[in-house]
Structure formats: C-alpha cells, structure tokens
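Read off the chains here:
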Amino acid sequence: MSRTELRKQWEQRVSEFRASGQTASSWCAAHGVPQHQLHYWLRKFSDHRQAELTPVRWLSVQVDETTDNADLIVIRIGNAAAEVRPGFDPELLRQIVEVLSASC
C-alpha cells in the first residue's frame, strides 16, 4: 500500500471514529485497529489541521528604483530597513526579518 493510500485509509478511519461517538478503545476493538495507531493518526491529522488554520503573515517589500546600486535591495519592515546585496547569507536575512517582524 502506498503512503497516499495509507493516508486516505486513515483519513476515512479517523472520520468514522469521530462520527461514531464511541471511545477510542471501544471503536478500535470493534474495528480491529490497534489503539496506539488510532491515537497516532488523530495526532497527525490534528497537527495538520492546526497548520492549515495558522494565518499566513505577508511582509511588504518595496524596491527603491532610484538607488545608484542596481544590485542593492532594501527591505523595510516598520521603521527598520535592511540592505541586501548579492552573495548575502539567506539564513541571516531570515533571522533578521523574523526579529524585525516580531518587534514591529
């Protein structure tokens, strides 16, 4: 069975369990499913749902075309600005943006 098929099978099982109104132990006994597997998939789908419900925050980026350096990018977040040039460290930029986003 492929991962996709297994996931679909467990989506169906979890849906049936939730609709049944039964306890996990009684539902698992009636369906021949190990209780630890049901709990695993309940947690997995719960985490997935939580990720879907987390709002996405977009940051606006303004490119100043009047700058003399064509290779310079200025990122403004609130009152702060960061200048980025070719060869920058992407991880460092991500950390800077996180800090600036949290403080603005």
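Trainee: Whenever I open this one, the pairing of strand E1 (residues 73-77) confuses me. Can you help?
Mentor: Looking down a regular strand, the side chains alternate between one sheet face and the other. Here E1 pairs with strand E2 (residues 80-84) via 5 bridges, running antiparallel. The partner of Ile 75 across the bridge, within E2, is Ala 82. Between E1 and E2, which follow one another and run antiparallel, lie 2 residues, and Gly 78 among them has a positive phi close to 65°.

Trainee: What am I meant to see in the packing of aromatic side chains here?
Mentor: Applying the stated criterion across every chain, the model contains 4 aromatic pairs. Centroid distance Trp 10 to Trp 41: 5.9 Å. Interplanar angle 5°. Geometry classified as stacked. With a gap of 31 residues between them, Trp 10 in helix H1 (residues 3-20) and Trp 41 in helix H3 (residues 35-53) connect regions that are remote in the sequence. Each member of the pair Trp 10 and Trp 41 is classed as buried.

Trainee: What exactly am I supposed to notice about the pattern of salt bridges here?
Mentor: Where charged atoms from two side chains of opposite charge come close, those side chains can pair. In total, this model carries 3 salt bridges according to the counting rule given. A salt bridge links Arg 7 to Glu 11; the shortest N-O distance between them is 3.7 Å. With Arg 7 and Glu 11 both in helix H1 and 4 residues apart, this pair spans about one turn of that helix. A salt bridge links Arg 94 to Glu 91; its shortest N-O distance comes to 2.4 Å. Here Arg 94 pairs with Glu 91, and both are found in helix H4 (residues 90-103), just 3 residues apart, close to one helical turn.

Here is what the cut-offs are and how they apply
Residues numbered from 1 in each chain as written. Predicted model: local features only at pLDDT ≥ 70, side-chain atom pairs only at ≥ 80, totals over all residues. Heavy atoms only, no water. Pairing = 2+ DSSP bridges. Helix = DSSP H or I, 4+ residues; strand = E, 2+ residues; numbered from the N terminus. Phe/Tyr/Trp six-rings, centres within 6.5 Å; stacked < 30°, edge-to-face > 60°. Buried < 20%, exposed > 50% of the residue type's maximum accessible area, 1.4 Å probe, protein only. Salt bridge = Lys/Arg side-chain N within 4 Å of Asp/Glu carboxyl O.

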